[in-house]
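Structural overview
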Amino acid sequence: SLSAGLDLPGRFLFATLTLMAVIAVLVFIEEAVYIYRKIPSSKRSIIIWINAAAPVISTTSCIGMWVPRSTMFTDFTAGIFFAIVIHKFLMMMIKECGGQKLLLRRFENGRFTISTGPCCCCCPCLPRVPITTDLGLSNFFFFLARQTLFWLKLGTFQFAVFRPVLIFLSIVLWTNGNYVLYNLSPKGPAIWISSFIGVLTLFALWAVGIMFRKVRILLACKNIIPKFALYQFIVILNHLQTAIINMLATQKIIPCAPPLSSTARGSYIAQQLLIMEMFLITVISRVVYRRKYHDLEPPECAAEEPEDKKQTP
């Protein structure tokens, strides 16, 4: 068994990482109870979903560490869950602005900057997409503004829908022996499925980046920048870090350590790092999301305040 093949330092490491994963789950449960009691129902489920990202990834990594043969299923489970979280994060920014209608009113005559990462950060010449014009002049412009938000939401929603479908297809092919994760030859399905998932991921992250760039100043009072930073850390650590480690293991840069092959050892390293990193993110998220934030004032009130002050003697 796995535990029988570990020496004393190895058992201590596994026990410590397992304890960290358990603590992360307990911290999330306590935070979910707090959110359920203190947060309005319109935002409750979205915030719980976002806070659950790090504990779920930590738990799946812990299971994959103890049961190496389940790595395919645990990685796919974490990938499906985080695809939904990306869409939830975009919806959270819209909810924090007061909803779709209030968002359009707050940024009346504004524009979305689409020259942002990860797709178009090197294209500053791209035009800025108008959000809306005077809502009182024509309902047509309001329709166009809603269409702009629709495309942003579709950018994350497509990822939450298509990634589980592609992952399910990968598991079916894997059980039949046709899908090999580290076989990147053009004749194998792994390179095509992974490339398609990568393109969907870029479009989803691009939509979130466009929305964040527009609302970051308005939602600074709600600590949207630390929240976005935590979300970005999860993206980088769960996707980019794991991909780099697996690439190094595939190229034999990470040496084998019998009875573990290079790929198996790379998977172990990635899982152990994720457990520690997601534990820290869970604790920090508890501090960031647990604070009480006041709702933003309606845009009409914000516009009337200067006039009231001018009339005051």
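So, a few notes on the structure that sits alongside this text. Everything numeric in this text was worked out from a predicted model, so none of it was measured. (Residues numbered from 1 in each chain as written. Predicted model: local features only at pLDDT ≥ 70, side-chain atom pairs only at ≥ 80, totals over all residues. Heavy atoms only, no water.)

Applying the stated criterion across every chain, the model contains 10 aromatic pairs. With a centroid separation of 5.3 Å and 80° between ring planes, the pair formed by phenylalanine 73 and tryptophan 174 is classed as edge-to-face. In this pair, phenylalanine 73 is assigned in helix H4 (residues 71-96) and tryptophan 174 in helix H6 (residues 139-175), connecting sequence segments 101 residues apart. A relative accessible area of 37% means that phenylalanine 73 is categorised as partly exposed. Overall, tryptophan 174 belongs to the partly exposed group, its relative accessible area being 30%. Ring centres of phenylalanine 228 and tyrosine 231 lie 5.5 Å apart, and the angle between their planes is 45°; on these two criteria the pair is classed as tilted. Taken together, the residues phenylalanine 228 and tyrosine 231, both in helix H8 (residues 224-250) and three residues apart, mark about one turn of the helix. Its guanidinium or amino end placed over the ring of tyrosine 34, arginine 290 lies 4.0 Å from that ring's centre, counting from NZ or CZ. (Phe/Tyr/Trp six-rings, centres within 6.5 Å; stacked < 30°, edge-to-face > 60°. Helix = DSSP H or I, 4+ residues; strand = E, 2+ residues; numbered from the N terminus. Buried < 20%, exposed > 50% of the residue type's maximum accessible area, 1.4 Å probe, protein only. Lys NZ or Arg CZ within 6 Å of the ring centre and 35° of its normal.)

Interaxial distance between H4 and H8 falls to 12 Å at its minimum, and their mutual angle equals 170°. Relative to H8, the element H4 is oriented roughly antiparallel. As H4 runs across H8, the sense of the crossing is left-handed. Side by side, H4 and H8 meet where Phe82, Ile86, Phe89, Met92, Met93 and Glu96 of the first sit next to Ile224, Lys227, Phe228, Tyr231, Ile234, Val235 and His239 of the second. Classifying every residue of the contact of H4 with H8 by side-chain character gives 10 nonpolar, one polar and two charged. (Axes fitted to C-alpha atoms, helices over the stretch in contact; angles between N-to-C directions. Parallel < 35°, antiparallel > 145°, perpendicular 65-115°, else oblique. Left-handed = near helix turned anticlockwise from the far one by under 90°. Contact = heavy atoms within 4.5 Å. Nonpolar A, V, L, I, M, F, W, Y, C, P; charged D, E, K, R; others polar.)

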